[in-house]
Amino acid sequence: MAVAMEKAFSKTLGKIIVPTDVSRDDSLRKGLLCTDCNIDITFRIEHERNMRIIPAGFIRKKGIEHKASCRYNTLGQVTIIAKDSDDNVLESINDSKFNLRLTLLHKSLNQVANNSPKHEMKHSIPTINQERNYQSKGNLSSYLATMKKIIELRNIVEDKKELHPMVEISCHNRKVKWEYFYYEPERYLNAHKYLEKLKWEERHPICIEGVIHELPYIEKLGKHIINLQWGKTKINSENIKYIPTVSVFLNDKELMKLGLQKGQRIALCALCTQGISKGKGTGREFFNIKAELYHKNQIVIL
Ligand SMILES: [Zn+2]
């Protein structure tokens, strides 16, 4: 299990090369080594998977693992993230298994959400609530930093499912399967269904991945929202088209400093709600998912 590599050591040239070097000169496909731990590796051409372009890169040969200390070893990377994680939000169970404690994240997300002022006051004196909010934002920041690293790692591993057996997710003393936690555009309808069925006391943050379709400023709310591109649709037995949509509310001004723009692929981790709205006599139903963001670490640009 490994992270895809953007460079390799070429024995032919005696130096470090990048994927475009191999695309230009086929003979460089042979004699490639990991730049970090020297195992034999191989070249992978650009290709499409799940409607996404997977760029050319270098990958491990079947059956040959990177050394444990190598930066391209997935387990090694998870171990590093766990060591750096505050309050053991990613906690080690044994040498090859970790527990992502979503309860911590959920609690501080909830606190920050509940303490957020509905309308901004310009000259307000700090209240107890605001001080408490400041503290919970501090915790949230470090929990989300860990979350962000996990999402980033998931994005660069050779096989997205690689992390699943390594990182177990728990919330409110219950295990949460990865398939109920992380959703790509093909599975927005599954996310909607999951949110609909989840009992109030079982609620937890989920991750949604997608491409930014538009980023309008909503005057009435005084904030920007992100609309992601529609997810995979479905047509029911009565010929009604189910269209899943995701709207992301940016509740912190810092979020607009991230340089978000149309066409970017992002992943976010948030408490989400769902609803259904009917298209006007058009045979369409919109399955809306709404996510609230309060912190810049809730979003990852992939
Ligand atoms: Zn290596």
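Residues numbered from 1 in each chain as written. Predicted model: local features only at pLDDT ≥ 70, side-chain atom pairs only at ≥ 80, totals over all residues.

Enquirer: So what exactly am I meant to see when it comes to the overall build of the chain here?
Expert: When you go through the chain residue by residue, the secondary structure sums to six helices and 21 strands. Projected onto the principal axes, the alpha-carbon positions of the chain cover approximately 65 × 50 × 40 Å. Looking at the chain as a whole, 28% of its 302 residues are labelled buried. Nonlocal contacts in the chain, meaning residues at least 24 apart in sequence, comprise 63% of its contacts between residues at least 6 apart. (Helix = DSSP H or I, 4+ residues; strand = E, 2+ residues; numbered from the N terminus. Buried ≥ 20, exposed ≤ 12 C-beta atoms within 10 Å, placed from the backbone. Contact = placed C-beta atoms within 7 Å.)

Enquirer: I keep staring at the sheet that holds strand 3 (residues 32-33) and nothing clicks. Help me out?
Expert: Across a sheet, paired strands are connected by hydrogen bonds in the backbone, their directions being either parallel or antiparallel. Taking strand neighbours across the sheet as the criterion, the five strands line up as 2-1-3-4-7 in an open arrangement whose pairing is antiparallel. Where the open sheet ends on each side, the last strands, each with one partner, are strand 2 (15-17) and strand 7 (57-60). Examined bridge by bridge, strand 3 and strand 4 (residues 40-44) share two bridges and lie antiparallel to one another. Its bridge partner being in strand 4, L33 is matched across the sheet by D40. (Pairing = 2+ DSSP bridges.)

Enquirer: Help me understand the sheet that holds strand 8 (residues 90-94) in this model?
Expert: Spatial ordering of the open sheet is given by 8-9-10-11, a layout of four strands whose pairing is mixed. Of all strands in the sheet, those bounded by a partner on one side alone are strand 8 and strand 11 (174-176). Taken pair by pair, the neighbouring strands of this sheet meet at an average axis angle of 35°, ignoring direction. Note that strand 8 and strand 9 (residues 97-101) share four bridges and pair antiparallel. Following the sheet pairing, N94 is matched in strand 9 by K97. Those strands touched by helix 2 (residues 74-84) are strand 8, strand 9 and strand 10 (167-171), and its axis lies near 125° from that of strand 8. Lying on the sheet, helix 3 (residues 102-115) is in contact with strand 9, strand 10 and strand 11; it crosses strand 10 at an angle near 45°. (Axes fitted to C-alpha atoms, helices over the stretch in contact; angles between N-to-C directions.)

Enquirer: What am I meant to see in the nonpolar core here?
Expert: Looking at soluble globular proteins, one finds that nonpolar side chains tend to be buried together. Counting residues in hydrophobic clusters, the biggest one holds 47 residues, and the most contacted among them are C207, I208, L268, A291 and L293. Filtering out sequence-adjacent residues up to four positions away, C207 remains in contact with I151, F181, Y182, Y183, A267, L268 and C269. One finds A8, L32, C70 and Y72 within the second-largest nonpolar core, a separate group that totals 11 residues. (Core = buried A, V, L, I, M, F, W, Y, C linked by C-beta atoms within 7 Å.)

Enquirer: Teacher, can you tell me more about the pairing of strand 15 (residues 223-228) here?
Expert: Sheet topology note: the strand 13 (residues 206-214)/strand 15 ladder contains two bridges and is antiparallel. Bridged to E214 within strand 15 is N227. Pairing analysis gives two bridges linking strand 14 (residues 217-218) to strand 15, with the strands arranged antiparallel. Note that in strand 15 the partner of Y217 across the bridge is H224. What sits between strand 14 and strand 15 in their antiparallel hairpin is a turn of four residues, with G222 showing a positive phi close to 70°. Pairing of strand 15 with strand 17 (residues 241-250) involves three bridges; the strand directions are antiparallel. What sits directly across from I226, in strand 17, is V248.

Enquirer: What should I look at first to understand the confidence of the model for the chain in this one?
Expert: Do not read the fine detail of predicted coordinates wherever pLDDT is low. Summarising the model, the chain shows a mean pLDDT of 88, and 92% of its residues fall at 70 or more. This stretch, residues 119-123, has a pLDDT under 50; its non-local contacts, to residues over four places away or in other chains, come to zero contacts. (pLDDT = per-residue confidence, 0-100.)

Enquirer: Even after reading the chapter, I still don't get helix 2, so can you show me in this structure?
Expert: The periodicity of an α-helix, 3.6 residues per turn, causes residues three or four positions apart to be oriented the same way. Inspection of helix 2 places T74, Q77, V78, I81 and A82 among the buried residues, and these make up the whole buried set. Relative to the axis of helix 2, the buried residues are bounded by an arc of 135° and lie together on one face. Structural note: helix 2 exposes K83 and D84 on the side pointing more than 90 degrees away from its buried face. (Arc of directions from axis to C-beta.)

Enquirer: How should I be thinking about helix 6 (residues 188-197) in this particular structure?
Expert: Among the residues of helix 6, Y188, A191 and H192 are the ones counted as buried. Projection of helix 6 onto a plane perpendicular to its axis shows the buried side chains occupying an angular sector of 100°, all on one side.

Enquirer: Would you mind going over the domain arrangement of the chain with me for this structure?
Expert: Size of an interface: often given as the accessible area lost when the parts come together. The domain boundaries assigned to the chain delineate domain 1 (8-60), domain 2 (74-171) and domain 3 (184-301). The gap between the C-alpha centroids of domain 1 and domain 3 is 36 Å. (Domains from an automatic or database assignment.)

Enquirer: Just to check I follow, could you spell out unusual backbone geometry for this structure?
Expert: Working note: non-glycine residues mostly have negative phi, and peptide bonds are mostly trans. Even without being a glycine, N173 presents a positive backbone phi close to 60°. Looking at where N173 falls in the secondary structure, it is placed in the loop between strand 10 and strand 11. Not every positive phi belongs to a glycine, and N239 is a case in point at roughly 65°. Mapping N239 onto the fold places it in the loop between strand 16 (234-235) and strand 17.

Enquirer: Could you clarify how one ought to interpret the environment of S108 in this entry?
Expert: Tracing the chain through its elements places S108 in helix 3. Its 23 C-beta neighbours within 10 Å are what place S108 among the buried residues. The spatial distance from the C-alpha of S108 to the C-alpha of G138 is 9.2 Å, given a sequence separation of 30 residues.

Enquirer: Quick question: what am I supposed to make of the environment of L13 here?
Expert: Note on placement: L13 falls in the loop between strand 1 (8-10) and strand 2. L13 gets classed as exposed once you count the C-beta atoms within 10 Å, which come to 12. Distance in space between the C-alpha atoms of L13 and T146 is 39 Å, their sequence separation being 133 residues.

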